[in-house]
Amino acid sequence: MLRTALYTGTFDPVTNGHLDVVRHACRLVDRLVIAIGVHAAKAPVFTPDERAAMLREVCGPVASGEGTTLEVTTFNDLSIQAARRFGATILIRGVRDGTDLDYEMQMAAMNETMAPEVQTVILPASPLARPITATLVRQIAGMGGDASRFVPPLVAARLNEKFGRR
């Protein structure tokens, strides 16, 4: 039986932290579905299609190197509904610190109550990825700073294009 996991997020932009989670997740599963949350209330820097393209380009080689099939899609409902739709029995969540862990533990309990067949797997961030958040990356890039140490090179180039940094 194939082990399929769902990794959800906004991925705006894709960071080295996201890539770290994908690297760890690919060691655990046969198929990883990365689902980009699309919410009308949010005003992302990148469109869902742009984020999907970056995820495929950045995460594809990592998944391939681990022998994991990678799919990238969007969703606008509950993650457990998306998990069921994609045949995932595992939800992948990354945590950087205790605050993230507290939140993810609450979410895992709620998700397990609603979908006991879907198991949450929490992956701790590697030390170099712990301080990285997409929010801080957007702020750095938006204010003309160099975010290249926090994102893959492709994403750094896209941020520079979006924010006019050369």
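Coordinates for the structure precede this section.
Residues numbered from 1 in each chain as written. Predicted model: local features only at pLDDT ≥ 70, side-chain atom pairs only at ≥ 80, totals over all residues. Heavy atoms only, no water.

Asks: Before we go on, may I ask you to explain unusual backbone geometry in this structure?
Replies: Excluding glycine, a negative phi dihedral is what most residues carry, and trans is how most peptide bonds are arranged. Cis geometry marks the peptide bond from Asp12 to Pro13; its omega dihedral reads 0°. Tracing the backbone shows Pro13 in the loop between strand 1 (4–9) and helix 1 (16–26). Despite not being glycine, Phe11 shows a phi value in the positive range, around 55°. Within the secondary structure, Phe11 is located in the loop between strand 1 and helix 1. For Phe11, a relative accessible area of 1% gives the class buried. (Helix = DSSP H or I, 4+ residues; strand = E, 2+ residues; numbered from the N terminus. Buried < 20%, exposed > 50% of the residue type's maximum accessible area, 1.4 Å probe, protein only.)

Asks: Please clarify how the side chain of Ser79 should be interpreted in this entry.
Replies: Note on placement: Ser79 falls in helix 3 (residues 79–85). Taking relative accessible area as the criterion, Ser79 reaches 18% and is therefore assigned buried. Sequence-distant contacts of Ser79, defined by excluding residues within four places in its chain, comprise Leu6, Thr8, Leu91 and Asn111. (Contact = heavy atoms within 4.5 Å.)

Asks: Is there a simple way to think about the pattern of salt bridges in this case?
Replies: For side chains of opposite charge, pairing can occur when their charged atoms come near one another. Applying the stated criterion across every chain, the model contains eight salt bridges. Its salt-bridge partner being Arg93, residue Glu104 comes within 2.9 Å of it at the nearest N-O pair. One end of the pair, Glu104, is in helix 4 (residues 98–114); the other, Arg93, is in strand 4 (residues 90–95), and eleven residues separate them in sequence. Judged by its relative accessible area of 7%, Glu104 falls in the buried class. Classification of Arg93 by relative accessible area gives partly exposed; the value is 21%. (Salt bridge = Lys/Arg side-chain N within 4 Å of Asp/Glu carboxyl O.)

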